[in-house]
Amino acid sequence: MRMIAESAWRCADPGMQYDTTINRWHTCKTSGPINASKPCSEVMFLDDSACNLSSINLVKFADEEGKFDIESFNRAVDLMILAQEILVDYSSYPVDKIALNSHRFRPLGLGYANLGAYLMRLGMPYDSGEGRTTAAAITALMTGRAYTMSALIARRVGAFAEYALNANSMLEVIQMHKYAAENLRQIPDPDLEPAIIQAWEAALNLGKELGYRNAQVTLLAPTGTFGPLMDVVTTGIEPDFALVKYKKLSGGGGYSIINQSVEPALKNLGYTVDQVEQIKQYVLEKGTIEGAPEIKDEHLAIFDCASKCGGGTRFIQ
């Protein structure tokens, strides 16, 4: 098991697939099993399926202190699900089978990016229980709200073509999601819990009444291609690779860029303007925050990255 996991990690391939678990959470069991994921591993659905992807930049929904704007996030989810649903009919597909399944099941892939940067701004280590719980809570809210919107679209234009065949399995999966969301514990932001419960109650109740327009609505993609277009610091749900990035210029030379979340994170942690500037200058020069003037040892984990930075020794295992 260790060899399989390490091999997948080294070459960035999908990891081991637990067939029973994956198919237990499959919304369209009657139409066939899920046999494999796509190469990036974010899409788990029927063979010959496509998925219209998009991502939300989480940092855009945080105020200066890192407080999450639930109302604006919900509106963004509603808008994106509607837009992606429209795109199903306007997209082109490589082969007829994929085009057919895209119209029969209308799977969507709304996700988010910049989780690592968002957690850093909160002063929350990526590799921590509270970091993982925050990620789970945001994901639960996004998915519950997305299925709610899918049901509301179904009210106007009808459920996806094979919904009637799969209604029992889909509602069973929605109920499983609702149960899991209701059992999230110790969410750092207390406002998220009631919003999550409300979203999943609406998703299930509306689904029972109206069905769903889409067999799937969310996933967590790497956002490696369109991440830079969104001006994200960290792609997908990944932590930052390093606190300092080095850019080469086409005409020669280059420059260094510090993670844009370092400054707001330090401010939220209570560091003064002068301390923030000293620490930022040290990070730019050394490539690591370890040993920076005034930095407190208990805050180092907040700035841990996927790789060792500069002359530092810390990194996320």
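Shown above is the structure to which this text applies.
Definitions and limits used
- Residues numbered from 1 in each chain as written.
- Predicted model: local features only at pLDDT ≥ 70, side-chain atom pairs only at ≥ 80, totals over all residues.
- Heavy atoms only, no water.
- Axes fitted to C-alpha atoms, helices over the stretch in contact; angles between N-to-C directions.
- Helix = DSSP H or I, 4+ residues; strand = E, 2+ residues; numbered from the N terminus.
- Parallel < 35°, antiparallel > 145°, perpendicular 65-115°, else oblique.
- Left-handed = near helix turned anticlockwise from the far one by under 90°.
- Contact = heavy atoms within 4.5 Å.
- Nonpolar A, V, L, I, M, F, W, Y, C, P; charged D, E, K, R; others polar.
- Core = buried A, V, L, I, M, F, W, Y, C linked by side-chain atoms within 4.5 Å.
- Buried < 20%, exposed > 50% of the residue type's maximum accessible area, 1.4 Å probe, protein only.
- Salt bridge = Lys/Arg side-chain N within 4 Å of Asp/Glu carboxyl O.

### Topic: the packing of helix 6 (residues 129-157) against helix 8 (residues 192-210)
Look at helix 6 against helix 8: their axes get within 8 Å of each other, and the N-to-C directions meet at 30 degrees. Taken together, the axes of helix 6 and helix 8 lie roughly parallel to each other. For the pair helix 6 and helix 8, the sense of crossing is left-handed. Two secondary-structure elements touch here, helix 6 through A137, A140, L141, T143, G144, R145, Y147, T148, A151, L152, A154 and R155 and helix 8 through L192, A195, I196, A199, W200, A202, A203, L206, G207, E209 and L210. Class assignment for the residues of the contact of helix 6 with helix 8 results in 16 nonpolar, four polar and three charged.

### Overview of the nonpolar core
The biggest cluster of nonpolar side chains holds 60 residues, and the ones touching the most others in it are F68, F73, I81, L141 and I196. Of all elements in the fold, only helix 3 (70-90), helix 4 (96-105), strand 2 (108-113), helix 5 (115-122), helix 6, helix 7 (163-182) and helix 8 reach the threshold of two or more residues within this core. Looking at this core, the element that brings in the most residues is helix 6, giving eleven residues. Discounting chain neighbours no more than four positions away, the residues touching I81 are L108, L110, A146, M149, S150, I153 and V217. Core analysis: the second largest hydrophobic core is formed by 21 residues, M120, I258, V276 and I302 among them.

### Thoughts on the packing of helix 7 against helix 8
Look at helix 7 against helix 8: their axes get within 10 Å of each other, and the N-to-C directions meet at 165 degrees. In terms of orientation, helix 7 lies roughly antiparallel with respect to helix 8. For the pair helix 7 and helix 8, the sense of crossing is left-handed. Every residue of helix 8 that contacts helix 7 at Y163, L171, I174, Q175, H177, K178, A181 and E182 is listed here: I196, I197, W200, E201, A203, L204, G207 and K208.

### Focus: unusual backbone geometry
Its identity is not glycine, yet N114 carries a phi of approximately 75 degrees, on the positive side. Structurally, N114 is set in the loop between strand 2 and helix 5. Of the residues examined, N114 reaches a relative accessible area of 2% and is grouped as buried.

### Examining the pattern of salt bridges
Going through the model one piece at a time under the given rule, you end up with 18 salt bridges. Between E172 and K29 there is a salt bridge, and its shortest N-O distance comes to 3.9 Å. Of this pair, E172 sits in helix 7 while K29 is found in the loop between helix 2 (19-24) and strand 1 (52-57), placing the two residues 143 residues apart along the sequence.

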